[in-house]
Structure formats: C-alpha cells, structure tokens
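Notes for the structure review
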Amino acid sequence: MPTPEPAVCHAQVTAGPGGTMTDDVGVITGDLTHRTTRQADNQVDIQIQYTGADEWYTLTGSPVAAPDSGLEDFHERVLTTVEHGEEAVAPNWTRQRRLGRTAGLPR
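Note that this is a predicted model, so its numbers are computed, not measured.

1. As for the environment of Thr14
Relative to the assigned elements, Thr14 resides in strand 1 (residues 7–14). Looking at Thr14, the relative accessible area reads 45%, which means it is partly exposed. In this structure, the C-alpha to C-alpha distance between Thr14 and Gly85, residues 71 residues apart in sequence, is 9.0 Å. Setting aside anything within four residues of it in sequence, one finds Thr14 in contact with Gly30, Asp31, Val82 and Glu83. Separated by 2.8 Å, the side chains of Thr14 and Asp31 make a polar contact.

Structure representation (structure tokens):
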C-alpha cells in the first residue's frame, strides 16, 4: 500500500483547566493554535503554540501512529483532548484500540 501524502490540519482551541502538556516548556494554557501533520512514514506530528506567537511546541506523546485515512478525525480528537485540559497529551489511538477504548476513535 502506498504511503499517504503528508497532510496538515490547523485549528484554534482554548485549553481546558490544567492546560496541555508540551515536551518543550511543560504545561501551556489559554488560547492556542494546534497543527496536526501526517508525515510520510504515517506518523502524525502534533504541534501547538500560543495563538499569535512564533514558537511551536511538541504536544507530549507526539508523534503517534495514525490510520491511513481520517487525519481530520484524528485532529478533532486532539482538539477535544486539549479542550478538556488536565495536562492533555497526544491521544494514542493504537493503544486505546488494543485496550478496547474505541469510542470516537478514527477508523
């Protein structure tokens, strides 16, 4: 099966109480811009920044393996996770699927 072309999704989101965890600076809160990028190796890189800032930070747990399709669904799942807060990290859909926690996961 051919490797999918890289794709990018962007969105603005407000982090929920407790913010979201980054590898670079720890927890960040407030109004954020989120970028989900499918890499050529079928990994998804998740970056986040303070809206309007220049610096991008890696969301803890990124990169993660992604399905061959459904980058937008995965991107929405990350947004929901960040909106929830509580030091949100990248959702690991493959681990959740193995554990039987598939509700809302991309297929």
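Still more ground to cover, so stick around.
2. With respect to a negative patch on the surface
Together, Glu72, Asp73, Glu76 and Glu83 make up a negatively charged patch on the protein surface. By the element assignment, Glu83 lies in helix 1 (residues 71–84).

3. Things to note about the packing of aromatic side chains
Centre distance and the angle of the planes are the two values used to describe a pair of aromatic rings. One pass over the structure, following the stated rule, counts 0 aromatic pairs. Here Arg35 stacks its cationic end above the ring of Trp56, 3.9 Å away from the centre of that ring.

4. Side note on unusual backbone geometry
Trans peptide bonds make up the majority, and among non-glycine residues the majority have a negative phi. In this structure, Pro63 follows Ser62 across a cis peptide bond, with omega equal to 0 degrees. With respect to the secondary-structure elements, Pro63 resides in the loop between strand 6 (57–58) and strand 7 (64–65). Within the chain, Glu86 stands out as a residue other than glycine whose phi angle is a positive 55 degrees. Positionally, Glu86 belongs in the loop between helix 1 and helix 2 (93–98).

5. Details of the environment of Ala65
Looking at where Ala65 falls in the secondary structure, it is placed in strand 7. The exposure class assigned to Ala65 is partly exposed, which follows from its relative accessible area of 30%. Here the alpha-carbon distance between Ala65 and Gln39, two residues 26 residues apart in the chain, equals 9.7 Å.

6. Structural notes on the confidence of the model for the protein chain
Counting all residues, the mean pLDDT for the protein chain is 83, and 78% of those residues have values of 70 or more. Mean pLDDT across the elements of the protein chain bottoms out in helix 2 (48) and peaks in strand 6 (98). Within the model, the stretch residues 95–107 combines pLDDT values under 50 with 20 contacts to residues more than four positions away or in other chains.

7. Considering the side chain of Thr33
With respect to the helices, strands and loops of the structure, Thr33 is situated in strand 4 (residues 31–38). A polar atom in the side chain of Thr33 sits 3.1 Å from the side chain of Thr51. Contacts of Thr33, omitting those with residues within four sequence positions, involve Ala11, Gln12, Gln47, Ile48, Gln49, Thr51 and Trp56.

What counts, and at which threshold
Residues numbered from 1 in each chain as written. Predicted model: local features only at pLDDT ≥ 70, side-chain atom pairs only at ≥ 80, totals over all residues. Heavy atoms only, no water. Helix = DSSP H or I, 4+ residues; strand = E, 2+ residues; numbered from the N terminus. Buried < 20%, exposed > 50% of the residue type's maximum accessible area, 1.4 Å probe, protein only. Contact = heavy atoms within 4.5 Å. Polar contact = N/O pair within 3.5 Å; in protein donor to acceptor, adjacent residues only side chain to side chain. Patch = residues over 30% accessible without salt bridge, like charges linked within 9 Å, V, L, I, M, F, W, Y side chains within 5 Å. Areas by Shrake-Rupley, 256 points an atom, 1.4 Å probe, with all protein chains shown as cover. Salt bridge = Lys/Arg side-chain N within 4 Å of Asp/Glu carboxyl O. Lys, Arg positive; Asp, Glu negative; His and termini not counted. Charge placed at Lys NZ, Arg CZ, Asp CG, Glu CD. Phe/Tyr/Trp six-rings, centres within 6.5 Å; stacked < 30°, edge-to-face > 60°. Lys NZ or Arg CZ within 6 Å of the ring centre and 35° of its normal. pLDDT = per-residue confidence, 0-100.

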